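# Architecture at a glance
What follows is the residue order along each chain.
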Amino acid sequence: MPKNDLWQSNYSHAYFEALFNNTVENCMLLLDEKGTIISINTAFQHHFGYHENDIIGKPLYTLFINDDIVLGKPANEIQKVLTTGQCSDNNYMVRKDKSITWVSGESIKVKSDDGAVRILKIIQDINVQKKSQDDLIRLDKLTEKILNSVEDAIVILDLRLNILSVNESCKLLFNLKFKSGSLLNFGEILLKRDVSEKLIDSIKGAARSKVGFSNLSIEIGTPNKEKKVYDVSCNPMEYQRDDVQMVIIFHDITVHKLLEREREDVIGFVAHELRNPLANLVLCNELMGDLVTDNDREAMKDILKRSKNNVMRLNKLVTELYDAAKMNSGNLKLDISTFSFEEMIWEAVDTIKVLHPLYNIIVTGDGKVLVSGDKHRLIQVVTNFLSNGIKYSDGQKEVMLNITYDKDAISVSVKDKGLGIAARHLPFIFDRFFRAENTQNLEGIGLGLFLCRQIINAHHGKIWAESQEGKGSTFYFSIPRR
Amino acid sequence: MKKILVINNDFDTMSLIKKWLEKKGYVVKFTGNRSEARKLVRDFRPDLAIIDILQSDILVDIKGGSHQGEFPILLMTGYTSKPFSGKLLEYESIEKPFDLPLFERKIKMLLDNSVEV
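Now for a quick tour of the structure. Remember, predicted model here, so these are calculated numbers, not experimental data. (Residues numbered from 1 in each chain as written. Chains lettered and ligands numbered in written order. Predicted model: local features only at pLDDT ≥ 70, side-chain atom pairs only at ≥ 80, totals over all residues.)

## Some words on helix 13 (residues 341–355) of chain A
For an α-helix, the turn length of 3.6 residues means that residues three or four places apart are oriented alike. Residue and element names in this part refer to chain A. Its 15 residues give helix 13 an end-to-end C-alpha distance of 22 Å, which sits within 8% of 21 Å, the value for a rise of 1.5 Å per residue. Looking at helix 13, one finds that the buried residues are Phe341, Met344, Ile345, Ala348 and Ile352. Axial view of helix 13: buried residues confined to an arc of 100°, hence all on one face. Counted as exposed and oriented over 90 degrees from the buried face of helix 13: Asp350 and Val354. (Helix = DSSP H or I, 4+ residues; strand = E, 2+ residues; numbered from the N terminus. Expected span 1.5 Å × (residues − 1). Buried ≥ 20, exposed ≤ 12 C-beta atoms within 10 Å, placed from the backbone. Arc of directions from axis to C-beta.)

Here's what the structure looks like:
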């Protein structure tokens, strides 16, 4: 056995004296069994600012903060040392200038040569460490708060895909019960949730290569059975040297995807509507070829008329589309003039009568006043109201138009006894591309009323509708008399 | 003479197709109305129905029920990108605006494959 010089040496007393007097970091106190301070070393004087005269003879609790004294910490410490021989703890201590510092202390029971019981207390000032630890905790909490305030689901994994940290959104999305320190493999969670293997493979690939990915669109079913689309990105980050963690962010793009799909639907539908008159023109041309051969003039006239109609239809659709795009970006410019309101109404009525000779348009009320506005655009609104009344007439042959005015405004109503509009659809009928389900079989791309609203808004007027499904609709607009 | 039923919401399309096909020697009737379509399937007994994709819900009426027609269907569509869903995929289709020679070939093919009762 190697000999332990310290114990066998006759100089052990000298060693301790040197340690007691010369140490810089270890503050030492000697207490009697009642806890009265009977000796301090220079390190203690240096760290706590007390001179021997200030502190010797004072009880140990002089060095404790009030909260700890109330809790009985100093008394407990002495009690514990005297019964077990040792005690250690971290706590605050008060310097002479009343400032406090965080210390780590150990007390041991010793006996003096004359057999008296003494307590040797060794203290290290670890305030700096404590402070940086506090800072770390604060930083951790801040990070956690930031993570949880973000709507994106965020999970941080190690390279074996074990979860290191996860925010609330992510816990919700994957129905996770994760406590920090527990072992939970994110790969297994994804497998259980039946998420596309592409995601799991991509994350595994990123873990292997330490190269991340972004813009991966993944469909995930939420716990309440909705299908949502997420844009997933994964970024490996070197946390410490040789310690790579992966941050995975799930950004909900469901709404965008829906809008995209809606837009595609609309474009497809518009194309379909544009191709109808085109198809008719193809047929007209083909038939015309035959008729020229047969020299059938009457039939040729008929086909020519149809051909013209379809060119007009095509042009109307294109104009509507162009107007809608222009008006939606707020570029509708009114061509203002002053004109007789009633004459404007009759122009619109005549246009519709030519197109639909079988229908009876009954005009009532009085509109013999001058107004200023864009006459052409207002005719567009009235013809739209009238042709809607006819289009959705459901076999009824009458459409009623009424004009009223007072000193402030002039109003028009167009009433039909046709299909009517379901209450749930009524708030949306002036929206772009809106078409109710029961009108799917009728021609149109859902721009007419949208354009009317834009035109009336540009006149600082009001536009609205009343309807009862199965009983008919009344459309109104009013514009101020300037 | 083979009988063809045309179903669309566009009067011009229906009547022009009728004129065109009558010149080719077919007997043609058309409608844009659901109940009328059902009646025509029963009474007119077409050998082929040409239906616009937007009226394809009419198929439930004319291919189901007691007057189930054992006749082929040719779908007209103005969509190029939108894929047909489900059952519609089984049917032959023609895109608008029509490639008339192709249109005619498809009509002939569908009529030749159908068994005369």
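What follows picks up the thread again.
## Quick word on the nonpolar core
Within the largest apolar cluster, 36 residues are counted, with the highest numbers of intra-cluster contacts made by Leu283(A), Val6(B), Ile7(B), Ile17(B), Leu48(B), Ala49(B) and Ile50(B). Apart from residues lying up to four places away in sequence, Ile7(B) is in contact with Phe30(B), Thr31(B), Gly32(B), Ala37(B), Ala49(B), Ile51(B), Asp52(B), Gln55(B) and Ile58(B). (Core = buried A, V, L, I, M, F, W, Y, C linked by C-beta atoms within 7 Å. Contact = placed C-beta atoms within 7 Å.)

## Things to note about the sheet that holds strand 10 (residues 243–252) of chain A
All names here are of chain A. Read across the sheet, five strands follow the order 7-6-10-9-8 without closing on themselves; strand pairing throughout is antiparallel. Whereas interior strands pair on both sides, the edge strands pair on one side only; in this sheet they are strand 7 (163–166) and strand 8 (213–221). Averaged over all pairs of adjacent strands, the angle between their axes in this sheet comes to 25°, without regard to strand direction. Of the pairings in the sheet, the one linking strand 8 to strand 9 (residues 227–240) comprises seven bridges and is antiparallel in character. Bridging from a neighbouring strand, glutamate 219 pairs with valine 229 of strand 9. (Pairing = 2+ DSSP bridges. Axes fitted to C-alpha atoms, helices over the stretch in contact; angles between N-to-C directions.)

## Description of the interface of chain B and chain A
The interface of chain B with chain A comprises 21 residues on the first partner and 20 residues on the second. Tallying contributions element by element places helix 1 (residues 11–23) of chain B first for the side of chain B that touches chain A, with seven residues. Residue classes in the side of chain B that touches chain A are distributed as eight nonpolar, seven polar and six charged. (Nonpolar A, V, L, I, M, F, W, Y, C, P; charged D, E, K, R; others polar.)

## Digging into the environment of Lys417(A)
Residue and element names in this part refer to chain A. Secondary-structure assignment places lysine 417 in the loop between strand 15 (409–416) and helix 15 (448–458). Separated by 17 residues in the primary sequence, lysine 417 and methionine 400 have C-alpha atoms spaced 9.3 Å apart. Once residues lying within four places of it in the same chain are set aside, the contact partners of lysine 417 are Gln396, Glu398, Lys471 and Gly472.

## Observations regarding unusual backbone geometry
Here the bond from Lys96(B) into Pro97(B) is cis, since omega is -10°, no more than 30 degrees from zero. One can find Pro97(B) in the loop between strand 5 (92–95) and helix 4 (100–113). At Lys210(A), a position not held by glycine, the phi torsion is positive, near 60°. Structurally, the position occupied by Lys210(A) is in the loop between helix 10 (197–209) and strand 8.

## Describing the sheet that holds strand 1 (residues 3–7) of chain B
Residues and elements named next belong to chain B. Here we have five strands laid out as an open sheet, ordered 2-1-3-4-5, and parallel in their pairing. Taken across any chain shown, the strands that pair with only one partner, and hence form the sheet edges, are strand 2 (27–31) and strand 5. Across this sheet, the average inter-strand angle for adjacent strands is 20°, counted without regard to direction. With four bridges connecting them, strand 1 and strand 3 (residues 48–52) associate as parallel partners. Bridging from a neighbouring strand, leucine 5 pairs with alanine 49 of strand 3. Helix 1 contacts strand 1, strand 2 and strand 3 of the sheet and is inclined by roughly 175° relative to strand 2. Strands strand 3, strand 4 (73–77) and strand 5 of the sheet are contacted by helix 4, whose axis makes an angle of about 165° with strand 5.

Read these as layout, nothing more, since geometry by itself doesn't imply function.
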